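Chains, contacts and geometry: an overview
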Amino acid sequence: MTKCNLGAAVFQSRECSKCHDPENRFTSAAVYDVGVSDEYGLRKFNPPALSRLKLRRAFFHDGRFKSLDDVLRNHPTMNGDFEQQELELLKAYLLSL
């Protein structure tokens, strides 16, 4: 099994697809409480599409994270209990989109 396939399994097991739906370009028409407020006090946002992440310079709905590693380690709705191997597999998968 390739790193990307294993990363896709991590994506599914961590329920990332709940907001970033693979059937909908890895986004959703719905809005979700992401656990943090923006400068206007809003907490609910439409999830950004995950395609072409390798070309981005800022991440998350408001650009608060400057790298994909930052997102994976600090995303407010993730448990933060990733093992390093899980992070690497998930990152490989996301960068392949």
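Here is a short report on the structure shown in this document. (Residues numbered from 1 in each chain as written. Predicted model: local features only at pLDDT ≥ 70, side-chain atom pairs only at ≥ 80, totals over all residues. Heavy atoms only, no water.)

Quick look at helix α3 (residues 84–96)
- Along its 13 residues, α3 runs 19 Å from first to last C-alpha, staying within 8% of the 18 Å computed at 1.5 Å per residue.
- Listing the buried residues of α3 in full gives L87, L89, L90, Y93 and L94. The buried residues of α3 occupy an angular sector of 165° when projected down its axis, which confines them to one face. (Helix = DSSP H or I, 4+ residues; strand = E, 2+ residues; numbered from the N terminus. Expected span 1.5 Å × (residues − 1). Buried < 20%, exposed > 50% of the residue type's maximum accessible area, 1.4 Å probe, protein only. Arc of directions from axis to C-beta.)

What to know about the nonpolar core
- Counting residues in hydrophobic clusters, the biggest one holds 22 residues, and the most contacted among them are F11, L72, L90 and L94.
- Among the secondary structure elements, those contributing two or more residues to this core are α1 (3–13), α2 (68–74) and α3.
- Of the residues forming this core, the biggest block, 5 residues, is contributed by α3.
- When neighbours within four sequence positions are excluded, L94 is seen to be in contact with F11, L50, L53, L68 and L72. (Core = buried A, V, L, I, M, F, W, Y, C linked by side-chain atoms within 4.5 Å. Contact = heavy atoms within 4.5 Å.)

Quick look at the environment of T2
- Tracing the sequence through the fold places T2 in the segment before α1.
- Note: C-alpha distance between T2 and A92 (90 residues apart in sequence) is 9.8 Å.

Concerning α1
- Among the residues of α1, those classed as buried are G7, V10 and F11. Looking down the long axis of α1, one finds its buried residues gathered within 105° of arc, a one-sided arrangement.
- Tucked into the core, α1 has its buried residues touching α3.

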